[in-house]
Amino acid sequence: MPIETVSGPVDDAELGVVLAHEHLSTTSEPVRAQWPHLYDEQREYDLAVEQVRAAMDRGVKTIVDPSCMDLNRNVGLARRVVEETGIQLVMATGIYGAKYTFIPPYFENREPTALVDVFVHDIEQGIQGTDVKAAFLKCAVDEPGISEHVERVLRAVAQASQRTGRPIMAHSHPATRRGLEIMDVFDDEGVDPRRVQIAHTGDTDDLDYIEELLARGPFIGMDRFGFDIVLSHRRRVATVVELCRRGYADRMHLSQDAAATIDWFPPGWTERAVPNWHFTWLFERVLPDLRQGGVTEEQIETMLERNPARWLSS
Ligand SMILES: [Zn+2]
C-alpha cells in the first residue's frame, strides 16, 4: 500500500528502517508568528539536515514527523530537507495544543466537523497549499486529561481517520494512565485499535499499565529514548527488553522524539539536561543495550521496520 511522504507516495514495503517519531523542528507557533526576530531559519534548516543525515548514515530510510498545529509544522522546511537529503519524510495533520486543554476560538465557535474538515483537507488535498499529503493524524492528551476541548480534538481525529482510513498517533502521559482514556474515546468512535499508536508509552516502566493498554489493541511508542529526565535510559531499555520477552515485539515503535531545533527550553538546556536526546542515540546505545538484554535481530527489525509499515498502512 502506498504511504504518503513529502516526496510522494512510497510503497509500505519500501519504508526500510523507520524512526517513528522525530521532529525536524519544534517551535512555539504564536511566539514565532509575533516575534520572528527570535528565529534563525537557516540555522534550523542546517540542524535538520545534519540530524537527518546522521540518521541516514545509520541506515534510516524513513522518518515520521508528527509535527502539527502548535508545534509549527512547516512543509516548506520539510521539502527543503527532503530535497537536500533524500530522506523519506512522513508528515501528519492534527492539533497538539490540546495537551493544554485549549483549542483556538476559530474551532471553539464552530461545529465540531470544522476540525474534521481541515484534517481531511491535509490528507486528501495537501498541507499548507502544497500537494504534500498528511499520512496520519495526531492528537494529544497530557496530565490535565480529557477536557471538553481535548475530547473534541480526539473525536475529530477519530472521525477524520474513519473518513480517510488513515492511522492515528496520540501523545499520552503514561504516569496518569492517559492511554486507556484515549482508547475509550477511540473505541466509542469505532476506530480500529490497530490503527492507533499511543505515543510516549515508553515514559513509564509500569508493566501492568502497559499490558492493560496493549490489551486494548494499539501500537505503543517507546519513542523517547534519550529524554532520560522522565525515565532513565536503563529503565527504558529494561522495559522494552521485558516486553519483547513477553511477546510484544510486534506492538512497539522505537524512536527518540528528538527535535533538530526546539525552542521550548532556553539555549544550552537540552545539551546539559538531556545530552543524548538526538536522532542517532537509538543506534549508538539503545540497540546495543537491547541486544545485550536478549532482544533478537528479528525483533529489532520488527520494531524498526515492520511495525511502522503496518501502522502506516493499516
Ligand atoms: Zn513529538
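Residues numbered from 1 in each chain as written. Predicted model: local features only at pLDDT ≥ 70, side-chain atom pairs only at ≥ 80, totals over all residues. Heavy atoms only, no water.

Asker: Hey, could you run me through the coordination of the zinc ion in this one?
Answerer: In a perfect tetrahedron of four donors around a metal, the angles come out at 109.5 degrees. In a perfect octahedron of six, they are 90 or 180 degrees. Coordination sphere of the zinc ion, protein contribution only: His21 (NE2), His23 (NE2) and Asp257 (OD), at 2.1 to 2.2 Å. Sequence spacing of the donors to the zinc ion: H-x1-H-x233-D. Of this pair, His21 sits in the loop between strand S3 (17-19) and helix H1 (29-34) while Asp257 is found in the loop between strand S10 (252-254) and helix H10 (269-273), placing the two residues 236 residues apart along the sequence. You'll find His21 and Asp257 in the same group, each marked buried. (Donors = N, O, S within 2.8 Å, 3.2 Å for Na, K, Ca; no water. Helix = DSSP H or I, 4+ residues; strand = E, 2+ residues; numbered from the N terminus. Buried < 20%, exposed > 50% of the residue type's maximum accessible area, 1.4 Å probe, protein only.)

Asker: Would you take a moment to explain the pairing of strand S6 (residues 136-140) for this structure?
Answerer: Two faces belong to every sheet, and in a regular strand the side chains alternate between them. Of all five residues in S6, five are buried; the element is thus mostly enclosed. Residues Phe136, Lys138 and Ala140 line one face of S6 and the alternating positions Leu137 and Cys139 line the opposite face, and both faces are buried. As judged from the three bridges shared by strand S5 (residues 88-94) and S6, these two strands associate in the parallel manner. Looking across to S6, one finds that Ala92 is bridged to Phe136. Across four bridges, the pairing between S6 and strand S7 (residues 168-171) is parallel. Among the inter-strand pairings, Ala140 is bridged to a residue of S7, identified as His171. Handedness of the crossover joining S6 and S7 through helix H6 (residues 148-164) is recorded here as right-handed. (Pairing = 2+ DSSP bridges. Right-handed = clockwise from strand over helix to strand, strands pointing away.)

Asker: Explain the pairing of strand S8 (residues 196-199) to me, please; I cannot follow it from the model alone.
Answerer: Burial of S8 is two-sided: the residues Val196 and Ile198 facing one way and the residues Gln197 and Ala199 facing the other way are all buried. The pairing of S7 with S8 spans four bridges and is classified as parallel. Residue pairing for S8: Ala170 is matched across the bridge by Ile198. Bridge count for S8 against strand S9 (residues 219-222) is two bridges, and the pairing is parallel. Counterpart to Ile198 in the pairing with S9 is Ile220. Once the chain exits S8 it traverses helix H8 (residues 207-214) before rejoining the sheet at S9, and the crossover so formed is right-handed.

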